[in-house]
Amino acid sequence: MCGILAVLGCSDDSQAKRVRVLELSRRLKHRGPDWSGLYQYGDCFLAHQRLAIIDPASGDQPLYNEDKSIVVTVNGEIYNHEELRKRLSNHKFRTGSDCDVIAHLYEEYGEDFIDMLDGIFSFVLLDTRDNSFIVARDAIGITPLYIGWGLDGSVWISSEMKGLNDDCEHFKYFPPGHLYSSKEGDFRRWYNPPWFLEAVPSTPYDPIVLRKAFEDAVIKRLMTDVPFGVLLSGGLDSSLVAAVTARHLAGTKAAKQWGTQLHSFCVGLEGSPDLKAGKEVADYLGTVHHEFHFTVQDGIDAIEDVIHHIETYDVTTIRASTPMFLMSRKIKAMGVKMVISGEGSDEIFGGYLYFHKAPNKEEFHKETCRKIKALHQYDCLRANKSTSAWGLEARVPFLDKEFINVAMNIDPESKMIKHDLGRMEKWVLRKAFDDEENPYLPKHILYRQKEQFSDGVGYSWIDGLKAHAAEHVTDRMMLNAEHIYPHNTPTSKEAYYYRMIFERFFPQNSARLTVPGGASVACSTTTALEWDASWSKNPDPSGRAALGVHVSAYDPLPPVAPNVEKVSPKILNKKARMVEVM
């Protein structure tokens, strides 16, 4: 991942403005420590912080067409760039970068080329011939992007909020799957798949088709000129990513450069479910496995840095981002610059435990659609910003555009969790890789119950966070919460604690509006809380809040005394039974 920053149409084209743009761009240097570039054309500035994954030698940005009349700064990976280069055989390319095709595609096809790109991207393209520009973000929002407006009429674009929040009168996240054109002065959606309208599909489930689509998604993400590995928690999603990568690595360009021995990485508290399962999968696949241990105190000490980097006060995102943030630092220290991860599967297949309560296939499908649309504010944000904080790139094959088309076109009746038919969550995915003759994974791993990342790293992690927050947020503070934070009012001491930290870094009203809100249980949307009345009374994003479903669900709570400061911290923190989920 790279960092991009653009200021377009500002009233000041002085040297002082150039210095300010450079200063703001350096706030994104963690995203791209390998190179910095700045292009100025009149009152337009395009800055770039590069993390070199493809063509490290010559792919520095900004990038140009032949006569440099079109300039582009890009954060992303274009997996079909070699195919696109063939379609642009009459063009001359300056670099071997996968992103070099963008300026030439625009020159050839105008603004209508975006859907031709297979990959993840955020970019700003300046056409100096008429001083117009376009900005675009990938289909799901895997790469982060924000847009802001200055009082002088300028438009600001940044990979992270910290690049523009101090200088814009108003800003917001750039919507995924959209294009902004200066000629129109507005957004338009370029990504319009059938599932986006939430119409219920009827294509019969075919395990072979689903398996092939996922393998293709993983294989295209093996495009790299630098050392890489896989994140392996031992859960279904990361284990499938590792299994497919290990199976197809030999013969790739990456293998010729770095060898066929796959490296895998896992993080957790001592004795956590993920560490044990991850080691077992690594041994089965024959990867070089690296375990990173952290303590609850290590995580607590990192919370402020985590919130500064991931730019949210959402509770479940912070819980999961912290161990990923700590692990990413260790991975980068080993010389690895790219990892492949398993985000997105739960949203596509209804893998969260609350999907057990889906009343029918229509509601099941609509909830998966809602979850995918919101990914850019949750798991995509976490995976990208937790890793890029240390100059590490995370790739997510489950969110491949073509794979999503296949998976979301399956009749959701097949995705429904039905115990009488032996179907657990994500049954269609598990069944697709249940190969008796040439197994991808051990059976008990293939059918391991869902663990949310913040739970799987060790159950005492969340309990420790709650206890720490309770030491810093009093009951009196909670009584005034709705007056202090009228928007997305925190309903727990943990949420209040994170909100205080967030507002110190990002005090603007625009900043707080970028974070979603609403009650949730086990990562549900607010709408899905209506599926079970008992869950709506226990709105905690942990998977252990899925009472009656999770093997290690929270113990039922006794009535809370009026003066909660005198209640035992063990009751306040809802200690869970430490039953191992395997």
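None of these values were measured; they are calculated from a predicted model. (Residues numbered from 1 in each chain as written. Predicted model: local features only at pLDDT ≥ 70, side-chain atom pairs only at ≥ 80, totals over all residues. Heavy atoms only, no water.)

Draft legend 1. A look at the environment of H483. Note that H483 resides in helix α19 (residues 481–484). Accessibility expressed as a relative area gives 60% for H483, which makes it exposed. Linking H483 and W35, residues 448 residues apart in sequence, is a C-alpha distance of 45 Å. (Helix = DSSP H or I, 4+ residues; strand = E, 2+ residues; numbered from the N terminus. Buried < 20%, exposed > 50% of the residue type's maximum accessible area, 1.4 Å probe, protein only.)

Draft legend 2. A look at the confidence of the model for the chain. Looking at the chain, pLDDT values average 90 and 90% of them are 70 or higher. Throughout residues 556–582 the model reports pLDDT below 50, and contacts reaching past four residues in sequence, or to other chains, amount to 44 contacts. (pLDDT = per-residue confidence, 0-100. Contact = heavy atoms within 4.5 Å.)

Draft legend 3. Structural view of helix α5 (residues 236–248). Given a rise of 1.5 Å per residue, 13 residues ought to cover 18 Å, and the 18 Å separating the end C-alpha atoms of α5 matches this to within 8%. Counting buried residues along α5, ten of its 13 residues qualify, which places the element largely inside the surrounding structure. Regarding α5, the residues found buried are L236, D237, S238, S239, L240, V241, A242, A243, V244 and T245. (Expected span 1.5 Å × (residues − 1).)

Draft legend 4. Geometry of the packing of helix α9 (residues 315–333) against helix α17 (residues 459–472). Orientation of α9 relative to α17, taken along the N-to-C sense of each, is 115 degrees, at an axis distance of 11 Å. Note that α9 runs across α17; the crossing there is right-handed. Contacts between α9 and α17 pair R319, T322 and P323 from the former with W461, I462, L465 and K466 from the latter. Here the contact of α9 with α17 is composed, by residue class, of four nonpolar, one polar and two charged. (Axes fitted to C-alpha atoms, helices over the stretch in contact; angles between N-to-C directions. Left-handed = near helix turned anticlockwise from the far one by under 90°. Nonpolar A, V, L, I, M, F, W, Y, C, P; charged D, E, K, R; others polar.)

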